[in-house]
Structures are given as structure tokens and as C-alpha cells.
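Reading the structure
Residue strings, one per chain:
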Amino acid sequence: INLAGRLTMFSERLVRARKAAGMSMNELGIAVGVSANAIKKYEHGEAMPSSGKLYKLAKTLGVRSEYFFRPTKVELGHVEYRKRSNTPKKVLDRINGDVLDQAELWTEL
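Summarised in this report is the structure supplied together with it.

Thresholds applied
Residues numbered from 1 in each chain as written. Predicted model: local features only at pLDDT ≥ 70, side-chain atom pairs only at ≥ 80, totals over all residues. Heavy atoms only, no water. Helix = DSSP H or I, 4+ residues; strand = E, 2+ residues; numbered from the N terminus. Buried < 20%, exposed > 50% of the residue type's maximum accessible area, 1.4 Å probe, protein only. Contact = heavy atoms within 4.5 Å. Areas by Shrake-Rupley, 256 points an atom, 1.4 Å probe, with all protein chains shown as cover. Arc of directions from axis to C-beta. Core = buried A, V, L, I, M, F, W, Y, C linked by side-chain atoms within 4.5 Å. Phe/Tyr/Trp six-rings, centres within 6.5 Å; stacked < 30°, edge-to-face > 60°.

Now for the overall build of the protein chain. Broken down by element type, the protein chain carries 5 helices and 0 strands. The linear arrangement of helices and strands in the protein chain, starting from the amino end, is α-α-α-α-α. For the protein chain, buried positions account for 31% of its 109 residues. Nonlocal contacts in the protein chain, meaning residues at least 24 apart in sequence, comprise 67% of its contacts between residues at least 6 apart. Surface accessibility of the protein chain: about 7,000 Å² in total, with carbon and sulfur atoms responsible for 54%.

This is the structure we're talking about:
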């Protein structure tokens, strides 16, 4: 995979992991020691973190470093939840992230 492909893969995985952890860009930036703007650049594929920051991102988000560089194998279409109108978007993002991770684990088995 070329550099552009790695950046895209990393950025997609970072967004998913952050949402699954229920964190904002600002919260993640504080935990890792970078600005929210740096997280935004990572998520938009405009920058790549150093290996030290990558390790901190993985540890903070509860994933392994390799997680960011695995190709995405599963995508969710439109998902509907009962009583969705009462559920905050942050909670729905966390649920979607967990479902995607579990589905990918099953496809690897």
C-alpha cells in the first residue's frame, strides 16, 4: 500500500476508534498530548503521527497499534435503533464502532 493509502486507512481507523471510545477530538488530543487540530489533521489524512504519538493514540483508545493499519473489511449500511431519538449520537457512534470491530473479528476467524 502506498503512502496515500496508508494515510487513508489510518485516518478512517482513527475516526472509528475515537468514536467507539466516545471521545471528542479535544479529549483525545489532551490525553495524547497534541492539539485537537493535530487530531483533526490525522483524521483527515493530512498528517501522520510520530511512532510515540501513535502508541499513545492506541493506548488511549484501547486498541493495538496495528489496528490503524488493517484494511477495513466490513462496512455498516444504514442502521436503525429502537428509541433512537432518545439516544445521544456519541452513544450511537460507540455502538457502531463496537459492532464493526466485532464483525471484523468474526470475518478474520
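Let us look at helix α4 (residues 51-61). Residues of α4 that are buried: Leu54, Leu57, Ala58 and Leu61. For α4, the buried positions fall inside an angular range of 95 degrees around the axis, keeping them on one side.

All right, on to the environment of Gly62 then. Assignment of secondary structure puts Gly62 in the loop between α4 and α5 (89-108). It is 9.7 Å that separates the C-alpha atoms of Gly62 and Ala20, two residues lying 42 residues apart in sequence.

Formed by 16 residues in total, the largest nonpolar core has its most connected members in Phe10, Leu14, Leu28, Tyr42, Leu57, Leu61 and Phe68. Secondary-structure elements contributing two or more residues to this core are α1 (3-20), α2 (25-32), α3 (36-43) and α4. With 4 residues, α4 is the largest single contributor of residues to this core. In contact with Leu14, not counting residues within four places along its chain, are Leu28, Ile39, Tyr42, Glu43, Leu57, Leu61 and Phe68.

Before going further, it helps to spend a moment on the side chain of Ser11. With respect to the helices and strands, the residue Ser11 is situated in helix α1. Apart from the residues lying within four places of it in its own chain, the contact partners of Ser11 are Tyr42, Glu43, His44 and Gly45.

Any two aromatic rings considered together are summarised by their centre-to-centre distance and by the angle between their planes. The tally for this structure, following the rule as stated, stands at 4 aromatic pairs. With 6.4 Å between their ring centres and 75 degrees between their planes, Phe10 and Tyr42 make a pair best called edge-to-face. Pair noted here: Phe10 is in helix α1 and Tyr42 is in helix α3, with a separation of 32 residues, a long-range link. Relative accessible area serves as the criterion here: at 0%, Phe10 is assigned to the buried category.

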